[in-house]
Amino acid sequence: MKKPPIKQNRVGKSSTVSRRSAIQSVLGLAGTSLLLPLSSYAHQPAAKKEPGQVRISRLETFLVKPRWIFLKIHTDEGVVGLGEPLLEGRALTIQTAIKEIEPYLVGKDPRQVVHHWQAIYRHAFYRGGPILTSALSGIDQALWDIKGKLLGVPVYELFGGPTRDRVRIYGRASNAEDMKKRKQEGYTVIKTGVAKKQPAGIVENPAFVKYAIDNFASLREAGGDEMDIGIDFHGAISPQTAKLLIKELEPFQPMFIEEPCQAQNVDVMADIARGTHLPIATGERIFTKWGFREILEKGAASILQPDICHAGGLTECRLIAGMAEAYYAAIAPHNPMGPISLACGLHLAASIPNFLVQEQVSLGEGYLKNPFKLQSDGSVMIPQGPGLGVELDEDALEDKIGHDWKNPESYHPFDGSVVDW
Ligand SMILES: O=C(O)[C@@H](O)[C@H](O)[C@H](O)CO
Ligand SMILES: [Mg+2]
């Protein structure tokens, strides 16, 4: 059989032999040639360090309030890369996943970002899934940060940008009063949710619909016709109710309908999308290009909301943006995370043509030495420092270390049954 193109680990040969024979004996395959030759199982060694080269020395994660996890990838040259490998409610699991990936990275050249992405994703054998792609996403972000810092340029420069000089961000409003405040702060885009007195069931009566639509109408009135207002159904409404609400919302022209249903059955979302001219947005629970492929092919959404902390990092989200462009779809990164995630969104926005708007819940006040500032036109500027261009404020962070965040639970008040939140 042909030798694999990658140099093999001679030093590790004996452990490779025992690993293969262990695999073979477990599978009952001893003596058969079903498995690849020895060399194919070898771990790629850290190449000898030449002068001027950099090696990854250690991965450090820490939980940060309210529910985040930050990653630092340390190098033997002192350059540190930042990432946010968060999956909400699973911070400890992610921490463990990163611990398991660390031995692969230690001793390696941090600049081979795409190569490491491929190795971490594909050698896991069980590919993807929210836990592993979130861990990988944070690592990918930190590696781009290191690469930019080593070269002394912002990440968007490495991606061929800037494609724009500022980035529209959106705030949140659940009622007319919030809307007026956001407008005053300078926001030109707002996201809201479906107003409801109790969790949605399967079929709703006119009172449910009226309550939700009246609330949206009050937001439209407070925001005015020039305000872009997206509405997040949160995948927590039945598809039939989603269709009904969308029909009633059409006259108020929302900017997009987010997660009109869960994305597990893409055909159902595509059916909803065909029934309205309003743009359907989805993506916070979809991972990698393989997850977004089906959404695009079936025309289930025209606004993709990959989370740069879940979907595979900056490497993968750029590729997803390219796929989206071929379907005239736009990118609006999901981001209820921290400021490292926001910085990633800004670099992505500055390096793709089809960016729409960026979600954020924190501009980094109390976390960053150089927090972002909302401009009077509803935008923030793209960070100009090397790498991701953000620096943690370690002193301010001290009292924010650690959390025991738990995701909400929701039960129907009538019979106590589990409902989506
Ligand atoms: O679009 C959003 O920001 C929300 O759907 C959040 O991702 C969700 O509440 C979990 O944090
Ligand atoms: Mg959402």
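Rules of the game
- Residues numbered from 1 in each chain as written.
- Chains lettered and ligands numbered in written order.
- Predicted model: local features only at pLDDT ≥ 70, side-chain atom pairs only at ≥ 80, totals over all residues.
- Heavy atoms only, no water.
- Phe/Tyr/Trp six-rings, centres within 6.5 Å; stacked < 30°, edge-to-face > 60°.
- Helix = DSSP H or I, 4+ residues; strand = E, 2+ residues; numbered from the N terminus.
- Lys NZ or Arg CZ within 6 Å of the ring centre and 35° of its normal.
- Salt bridge = Lys/Arg side-chain N within 4 Å of Asp/Glu carboxyl O.
- Buried < 20%, exposed > 50% of the residue type's maximum accessible area, 1.4 Å probe, protein only.
- UniProt positions renumbered as here; feature names shortened; annotations may be inferred.
- Donors = N, O, S within 2.8 Å, 3.2 Å for Na, K, Ca; no water.
- Pairing = 2+ DSSP bridges.
- Axes fitted to C-alpha atoms, helices over the stretch in contact; angles between N-to-C directions.
- Contact = heavy atoms within 4.5 Å.

## A few points about the packing of aromatic side chains
One pass over the full model with this rule turns up nine aromatic pairs. Between Tyr121 and Trp290 the ring centres are 5.4 Å apart and the planes differ by 10°, which places this aromatic pair in the stacked class. Highlighted residues: Tyr121 in helix H3 (residues 113-122) and Trp290 in helix H10 (residues 288-297), separated in sequence by 169 residues. The rings of Phe62, Trp68, Phe70 and Tyr367 are connected pair by pair, giving a single aromatic cluster. Here the guanidinium or amino end of Arg318 rests over the ring plane of Phe159, the centre of that ring lying 4.1 Å away. We note Lys400 situated over the ring of Tyr367; from NZ or CZ to the ring centre the distance is 5.2 Å.

## Details of the pattern of salt bridges
Evaluation of the coordinates by the stated rule reveals 22 salt bridges. A salt bridge links Glu88 to Arg67; the shortest N-O distance between them is 3.9 Å. On the criterion of sequence distance, the pair formed by Glu88 in the loop between strand S3 (80-83) and helix H2 (91-105) and Arg67 in the loop between strand S1 (56-64) and strand S2 (68-75) is long-range, its members being 21 residues apart. Arg67 gets classed as buried once you look at its relative accessible area, which sits at 16%.

## Some details on unusual backbone geometry
Cis geometry is found at the peptide bond from Lys65 to Pro66, where omega equals 5°. Residue position: Pro66 is located in the loop between S1 and S2. Phi angles above zero are rare outside glycine, and His234 is one such case at about 65°. Take His234: it is sitting in the loop between strand S6 (228-232) and helix H8 (239-249). The backbone of Glu259 shows a phi angle near 40°, a positive value even though the residue is not glycine. Within the fold, Glu259 resides in the loop between strand S7 (256-258) and helix H9 (266-274).

## So, the UniProt feature "domain: Mandelate racemase/muconate lactonizing enzyme C-terminal" (unreviewed entry) in the protein chain
Per the UniProt annotation, the sites labelled "domain: Mandelate racemase/muconate lactonizing enzyme C-terminal" (unreviewed entry) are residues 176-279. Measuring from the first to the last C-alpha atom of residues 176-279 gives 23 Å, for a span that is 46% helix and 12% strand.

## A look at the coordination of the magnesium ion (ligand 2)
At 1.9 to 2.3 Å from the magnesium ion (ligand 2) lie its protein donor atoms, namely Asp232 (OD), Glu258 (OE) and Glu284 (OE). Along the chain, the residues donating to the magnesium ion (ligand 2) fall in the pattern D-x25-E-x25-E. With a gap of 26 residues between them, Asp232 in strand S6 and Glu258 in strand S7 connect regions that are remote in the sequence. What makes Glu258 buried here is its relative accessible area of 0%.

## Describing the sheet that holds S1
Strand order in this open sheet of three strands is S1-S2-S3, and the pairing throughout is antiparallel. Either end of the sheet is taken by a strand with one partner, and the two such strands are S1 and S3. Looking at each pair of strands side by side, their axes are set apart by 20° on average, direction ignored. Packed on one face of the sheet, H2 meets S1 and S2 and runs near 175° to S1. On the sheet, helix H4 (residues 130-151) packs against S1, S2 and S3 and is oriented at approximately 140° with respect to S3.

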